[in-house]
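Architecture at a glance
Below are the chains, spelled out letter by letter.
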Amino acid sequence: MLNIAVFVSGKGSNLRAIHDAIVQGTLDARICLVLGSRPDAPALDWAASEGIPTGVISHRSDDTDSAILGLLEEHGADSIALAGYLKLVPPAVVRAFQHRMLNIHPALLPAFGGSGMYGRHVHEAVLAAGVKVSGATVHVVDEEYDRGPIVMQECVPVLEDDTASTLASRVLEVEHRLFPRALQLFAENRVNIENGKAIIQ
Ligand code: GAR
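Here goes a summary of the coordinates provided. (Residues numbered from 1 in each chain as written. Predicted model: local features only at pLDDT ≥ 70, side-chain atom pairs only at ≥ 80, totals over all residues. Heavy atoms only, no water.)

Things to note about the side chain of Asp146
If you trace the backbone, Asp146 turns up in the loop between strand 6 (133-140) and strand 7 (150-157). We note that Asp146 is buried and unpaired, the nearest opposite charge coming from Arg147 at a distance of 10 Å. Within polar-contact distance, the side chain of Asp146 engages the side chain of His105 at 3.3 Å. Engagement of the side chain of Asp146 in a polar contact is seen with the backbone nitrogen of Gly114, the distance being 2.9 Å. Apart from the residues within four sequence positions on either side, Asp146 is in contact with Asn103, His105, Leu109, Gly113, Gly114, Met117 and His139. (Helix = DSSP H or I, 4+ residues; strand = E, 2+ residues; numbered from the N terminus. Buried < 20%, exposed > 50% of the residue type's maximum accessible area, 1.4 Å probe, protein only. Lys, Arg positive; Asp, Glu negative; His and termini not counted. Salt bridge = Lys/Arg side-chain N within 4 Å of Asp/Glu carboxyl O. Polar contact = N/O pair within 3.5 Å; in protein donor to acceptor, adjacent residues only side chain to side chain. Contact = heavy atoms within 4.5 Å.)

Quick look at the structure:
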């Protein structure tokens, strides 16, 4: 069973999808901690209402990495899910959780990722580029935004009359399915990282 710390910055619909999968028995895990990058993230209120321990990470202080690592240890986290977390995770935390930290991104990486590519900005860039498919990606996190071995991807069509918000909802539906499935692969120890690629057994 995974002991997952979920990092959030916003609404937390992916956090709820992870929680639902656990309740339904399709994800062998428990959420031991929800950490927010801002105290007003609605995801934190939801987690608190479910009795899940929460915390807020200030990226302004000098000891951000030791504060995060301390909380993760205190709550027994063995893996991290970045569920709409919009800050760069400090390198010391990435190193401590090497190959045990996953991120969900609302596009088909390596396209439409990187610094500044989050939420609605991603879908606006997809529409501006005129591509015909988009989708969601779950990947293992390294020191850069939206980079690291890809574990799962799923496509959605981009429609002629899409707006950033209609495309975002189509992608989000996929995200809610994909993230718990990718986490379950880790719970079953079925992901090996070889030569910078995720190999699924
Ligand atoms: C999701 O679409 C997630 O993929 C995206 O933020 C949204 C969070 O929604 N993450 C990124 O763009 C990271 N680069 P949620 O708070 O409802 O889960």
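On we go from here.
Looking at the sheet that holds strand 7
Within a sheet, adjacent strands bond to each other through the backbone by hydrogen bonds, running parallel or antiparallel. Pairing is mixed across the open sheet formed by 7 strands, whose spatial order is 3-2-1-4-5-6-7. Since the sheet does not close on itself, it has two edges, and those belong to strand 3 (54-56) and strand 7, each with one partner. Direction aside, the axes of adjacent strands within the sheet are offset by 20° on average. Bridge count between strand 5 (residues 101-105) and strand 6: 4 bridges; the pairing is antiparallel. Paired with Ile104 across the two strands is Val138, which belongs to strand 6. Where helix 2 (residues 42-49) meets the sheet, it contacts strand 1 (2-8), strand 2 (29-36) and strand 3, and its direction lies at approximately 155° from that of strand 3. The sheet strands contacting helix 6 (residues 164-187) are strand 1, strand 4 (79-82), strand 5, strand 6 and strand 7, and the helix crosses strand 7 at an angle near 155°. (Pairing = 2+ DSSP bridges. Axes fitted to C-alpha atoms, helices over the stretch in contact; angles between N-to-C directions.)

Some details on the site of the ligand
What surrounds the ligand is a group of 15 residues, the closest being Gly12, Ser13, Asn14, His105 and Glu175. In the model, an oxygen atom of the ligand is placed 2.9 Å from a nitrogen or oxygen of the Asn14 main chain. For the ligand, a nitrogen atom lies 3.4 Å from a polar atom in the side chain of Asp146. Here the ligand has 450 Å² of accessible area as a free molecule, and 91% of this is covered by the chains. Those elements giving two or more residues to the shell around the ligand turn out to be helix 1 (13-24), strand 5 and helix 6. A per-class count over the shell around the ligand returns 5 nonpolar, 7 polar and 3 charged. (Near = heavy atom within 4 Å. Areas by Shrake-Rupley, 256 points an atom, 1.4 Å probe, with all protein chains shown as cover. Nonpolar A, V, L, I, M, F, W, Y, C, P; charged D, E, K, R; others polar.)

Quick look at the pattern of salt bridges
Inspection of the entire model under this criterion finds 6 salt bridges. The closest approach of N and O atoms between Arg120 and Glu124, which form a salt bridge, is 2.9 Å. Of the two residues, Arg120 and Glu124 both sit in helix 5 (residues 120-129), 4 residues apart, roughly one turn of that helix. Between Arg177 and Glu154 there is a salt bridge, with its nearest N and O atoms 2.4 Å apart. Residue Arg177 is located in helix 6, and its partner Glu154 is located in strand 7; the two are separated by 23 residues in the primary sequence.

Points about the pairing of strand 1
Of all the 7 residues making up strand 1, 7 are buried; the element is thus mostly covered by neighbouring parts of the structure. Summarising the sheet, strand 1 and strand 2 pair through 7 bridges and their orientation is parallel. Note that in strand 2 the partner of Asn3 across the bridge is Arg30. Viewed along the sheet, the connection from strand 1 through helix 1 into strand 2 turns out right-handed. By the bridge criterion, 4 bridges tie strand 1 to strand 4 in an arrangement that is parallel. Paired with Ile4 across the two strands is Ser79, which belongs to strand 4. (Right-handed = clockwise from strand over helix to strand, strands pointing away.)

Observations concerning the nonpolar core
Within the largest apolar cluster, 40 residues are counted, with the highest numbers of intra-cluster contacts made by Val6, Leu15, Val34, Leu102, Val151, Phe179 and Leu183. Other than its neighbours up to four places away in sequence, Leu15 contacts Val6, Val8, Ile31, Val34, Ala43, Trp46, Ala47 and Ala83. The next biggest cluster of nonpolar side chains, apart from the first, holds 18 residues, and it includes Val89, Val93, Phe97 and Met101. (Core = buried A, V, L, I, M, F, W, Y, C linked by side-chain atoms within 4.5 Å.)

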